[in-house]
Amino acid sequence: MEMDQIILEKNVPCTVRDGTTLYADIYRPNREGSFPILLTRLPYSKDDPFYSHRYLDTNRIVQHGYVIIIQDVRGRFESEGEFQPFKNEAHDGYDTVEWAATLPYSSGKVGMFGLSYYGFTQLLAARKRPPHLKAIFPAMTLNDLQRNMIYQDGALKVASIKTWTLESIVPNLLKRKYTTQRTYEDKLQQWLTEMNHIDKSFREVPVLNWKVLEEFSVADYFFKHLSLYPDDKEWDETSITKHYQNINIPAYHLAGWYDNFLKSTIENFQYMNQKTNQVQKLMIGPWTHGDFSSTAGDRYFGNHASEDFLAGKEDLTTLHIRWFDYWLKEKETGIKQEAPIKIFVMGINEWRDEYEWPLARTSYVPYYFHSNGNANSRFGDGSLSTEAPNNEPEDTFIHNPDHPVPTQGGQTLYHGVHTSGPRDQRYVEEREDVLVYTSAPLTEPLEVTGPIKVKLWAKSDAKDTDFTAKLIDVHPDQTAYNLTDGIVRAKYRNGTKEEKELNEEIICYEIDLWATSNVFLSGHAIRVEIASSNHPRFDVNPNTGTTLKNTKQTQTATQTIFHNKEFPSHIELPIV
């Protein structure tokens, strides 16, 4: 049938305000009429189906009466200009939306979709308020380049930023720079060798002396971003955190409990809900970054957890169609009347509707750390309970930056999704530099849903150091699956303002563990790990007062964790 045919127009030019031409592929129905536009703008090649279509059946969307536009952002693949992550996406996004609205087959209504980088291109464009942009669907994305993608609470997300730069960005930049075929092939072979040994690059210090990137002479933004001060005004071009009131547009936010952008996606929903008068929706599944399957890490959550059976009733493409049908076609699809929040509760593995975040019925309960001074490793005497400590000896461990605690799953993003999600933590918990506090087995199920933080009273003999925390569900067979974790760098414990060097004083550190939703079943136990490194997810603190961005010098630190009446270290759990 004619209506089932799709017209594909390749490399359609759009010239933005400064004269740069960006190129897009356009998929549209092969029939007369005007159609709403669904636009995505990405740096990973509009020609690559894995990235440009990825988690959606865009052909089905076109057949449903939409025009799909997939555009290479500035400086990537077919588009002109120089690539600087997110720097130009607000203005380029505005101009592209308004250009799309004028196309001869356009109804004049434009929506945007996409995840990760091309989730943020939607929000940055919406920040500039293009008149024809009517709704967006940002998935698993950030709200601030500095605080979400490069750093987390002061620590450099070294594996993530290096993997993204080398794996996703460098190859096309090499092709654009080295136009002689022989030179390009040599560079590509060098790139391939480096990718095969990227783990080695995670350990390479100083981080700012990344030799292979210096030799390639591309992606200079890597060195620039790592050299910027936290309060540099340039960061504002790649952030929306101060501009939520301008993003006055209906948005459906899609998140994963094990996604590296979980916190920022939740924040986008919360602040757009608070500061605009437009409908906001949020869905959080048991997913890792860009992977909406029923399996994450070492755990299987059931077919109903996958993109094919969202909330047990529809696939992800259908959800997009219902969302955009309402806002761009004015069809009554029932989506506006649905609960604003849908979450997947792990443990019982069920979808549930909610009406606010955090949940109003939550009780924030402190679970205190206890020991006789020997909580080191899971073989120690650390315990966890709601009973406040009295007089207990402190726990100590040695943080050796040259032998960091290895990353084992979590909300990570490097090596694809193969390093992320829930993983058995027991081998990590055999280390003496990991303190382990475990509750007694539960006699009845306990639901933990919402934001989580650790309040840790600690001192260090270092000038600066890190503390990490991890929440774990211990099964009856003793497998220990991580739920969420966090880090704090002492120097930035109160935000981006740099604090003075430590002087062996006792400080209360607040460690943000983001959020989760999990029912600890009867017979399971709640566990918290405390350490001072999580590498290569985060760079290692050398304990010298500087960072490994600039130096190779390290020294060990003696860390002391207090849990007594005066300094009651604990994790605060949102009990539902």
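Residues numbered from 1 in each chain as written. Predicted model: local features only at pLDDT ≥ 70, side-chain atom pairs only at ≥ 80, totals over all residues. Heavy atoms only, no water.

(A) Examining the pattern of salt bridges more closely. Scanning the entire structure with this criterion turns up 36 salt bridges. Among the ionic pairs, R74 bridges to D18, the shortest N-O distance being 2.9 Å. Of this pair, R74 sits in the loop between β4 (67-72) and α3 (89-101) while D18 sits in the loop between β1 (6-15) and β2 (21-29); the two residues are 56 residues apart in sequence, bridging distant segments of the chain. The exposure class of D18 is partly exposed, given its relative accessible area of 49%. In this structure, E430 engages R378 in a salt bridge whose closest nitrogen and oxygen atoms are separated by 3.2 Å. (Salt bridge = Lys/Arg side-chain N within 4 Å of Asp/Glu carboxyl O. Helix = DSSP H or I, 4+ residues; strand = E, 2+ residues; numbered from the N terminus. Buried < 20%, exposed > 50% of the residue type's maximum accessible area, 1.4 Å probe, protein only.)

(B) Structural detail: the nonpolar core. Of all hydrophobic cores here, the largest spans 162 residues; its most connected members are I69, W257, L471, I530 and I571. Broken down by element, the residue count for this core peaks at 9 residues, all from helix α6 (residues 158-177). One finds V405, V428, V436 and A531 within the second-largest nonpolar core, a separate group that totals 5 residues. (Core = buried A, V, L, I, M, F, W, Y, C linked by side-chain atoms within 4.5 Å.)

(C) Spotlight on the packing of aromatic side chains. Applying the stated criterion to the full structure yields 26 aromatic pairs. Here the aromatic rings of F202 and Y414 are separated by 5.6 Å at their centres, their planes lie at 85°, and the arrangement is edge-to-face. Of this pair, F202 sits in helix α8 (residues 198-202) while Y414 is found in the loop between β17 (395-399) and β18 (435-438), placing the two residues 212 residues apart along the sequence. Comparing F202 with Y414, the two get one shared label, buried. With centroids separated by 5.4 Å and ring planes inclined at 90°, the aromatic side chains of F222 and F223 adopt a geometry described as edge-to-face. (Phe/Tyr/Trp six-rings, centres within 6.5 Å; stacked < 30°, edge-to-face > 60°.)

(D) Region of the structure containing the domain arrangement of the chain. Looking at the assigned domains, one finds that the chain contains domain 1 (6-147 + 237-354), domain 2 (155-229) and domain 3 (363-575). Spacing between the C-alpha centres of domain 1 and domain 2 amounts to 28 Å. On the side of domain 2, 10 residues touch domain 1, which itself brings 15 residues to the contact. Around 1,100 Å² of area is buried between domain 1 and domain 2 when both sides are counted, 48% of it from carbon and sulfur atoms. Connecting domain 1 to domain 2 are 8 residue pairs in polar contact (both at pLDDT 80 or more). For the side of domain 1 that touches domain 2, a count of residues per class yields 7 nonpolar, 5 polar and 3 charged. (Domains from an automatic or database assignment. Contact = heavy atoms within 4.5 Å. Buried area = accessible area lost by both parts, 1.4 Å probe. Polar contact = N/O pair within 3.5 Å; in protein donor to acceptor, adjacent residues only side chain to side chain. Nonpolar A, V, L, I, M, F, W, Y, C, P; charged D, E, K, R; others polar.)

(E) Structural view of the pairing of β18. Neither face of β18 is open: one carries L435 and Y437, the other V436 and T438, and all of them are buried. With 4 bridges connecting them, β18 and strand β23 (residues 525-531) associate as antiparallel partners. When the bridges of β23 are listed, V436 appears paired with E529. (Pairing = 2+ DSSP bridges.)

(F) Highlighting α6. The principal kink in α6, of about 50°, is found at V170, preceding the proline P171 by one to four residues. Among the 20 residues in α6, 16 count as buried, and that is most of the element. (Bend = angle between axes of the 7 residues up to and from the residue.)

(G) Broad picture of the pairing of strand β15 (residues 363-370). Pairing between β15 and strand β25 (residues 570-575): 6 bridges, direction antiparallel. Across the sheet, residue Y368 finds its bridge partner in β25, namely H570. Pairing geometry for β15 and strand β16 (residues 383-385), over 3 bridges, is antiparallel. Each residue of the ladder has a partner; that of H370, found in β16, is S383.

(H) Representation of the packing of α6 against helix α7 (residues 181-196) within the structure. Two numbers describe how α6 lies on α7: the axes approach to 10 Å, and their chain directions differ by 170°. It follows from the interaxial angle that α6 and α7 lie roughly antiparallel. Judged by residue contacts, L166, E167, V170, P171, L174 and K175 of α6 engage Y184, K187, W191, E194 and M195 from α7. A breakdown of the residues in the contact of α6 with α7 according to their chemical character gives 7 nonpolar, no polar and 4 charged. (Axes fitted to C-alpha atoms, helices over the stretch in contact; angles between N-to-C directions. Parallel < 35°, antiparallel > 145°, perpendicular 65-115°, else oblique.)

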